[in-house]
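Chain residues, written in single-letter form:
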Amino acid sequence: MSSRNGTEAVRSWHFILHVQDPLTAEQVDVLAGLDQFADGDLGLEQGPGCSLFTCYLDAPTLTGAIADALARFEYFPGVLIRSVELSEYSLAYNGMATPAVVPAPG
């Protein structure tokens, strides 16, 4: 953990943003020129019929990190986020994996 703003602790957060529709080739070209995505915090992954962004952001809270990621899409017209996913990996990475949330491997 580090501190960016005085006494407020900042953590690294991991989550996945699912795009409503797969990105077109033109949208991928636009994305390549957007400064808001140039820092590598949001990485585009594409597969057959889907696009998603794997996110690693620093923020005091998970909700703050998600809000930061979503705000970047203001500069990416026509791209809508369908859902935010916290996978088993995300829960473990974020320090949120507990027996009550993620069952222990059997």
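Values in this document were obtained by computation on a predicted structure and should not be read as measured data.

**Student:** Please explain the pattern of salt bridges as it appears in this structure.
**Tutor:** Should their charged atoms come close, side chains of opposite charge can pair. Within this structure, the stated rule accounts for 3 salt bridges. A salt bridge links Arg72 to Asp39; the nearest nitrogen and oxygen atoms lie 3.1 Å apart. One end of the pair, Arg72, is in helix α2 (residues 62-72); the other, Asp39, is in the loop between α1 (25-32) and β3 (42-47), and 33 residues separate them in sequence. Overall, Arg72 belongs to the buried group, its relative accessible area being 9%. Note that Arg72 and Asp41 form a salt bridge whose closest N and O atoms lie 3.3 Å from each other. Residue Arg72 is found in helix α2, and its partner Asp41 is found in the loop between α1 and β3; the two are separated by 31 residues along the sequence.

**Student:** Honestly, the side chain of Ser90 in this entry has me stumped. Any pointers?
**Tutor:** Its place among the elements puts Ser90 in helix α3 (residues 88-93). Residues within four places of Ser90 in sequence aside, it is in contact with His14, Phe15 and Glu85.

Rules of the game
Residues numbered from 1 in each chain as written. Predicted model: local features only at pLDDT ≥ 70, side-chain atom pairs only at ≥ 80, totals over all residues. Heavy atoms only, no water. Salt bridge = Lys/Arg side-chain N within 4 Å of Asp/Glu carboxyl O. Helix = DSSP H or I, 4+ residues; strand = E, 2+ residues; numbered from the N terminus. Buried < 20%, exposed > 50% of the residue type's maximum accessible area, 1.4 Å probe, protein only. Contact = heavy atoms within 4.5 Å.

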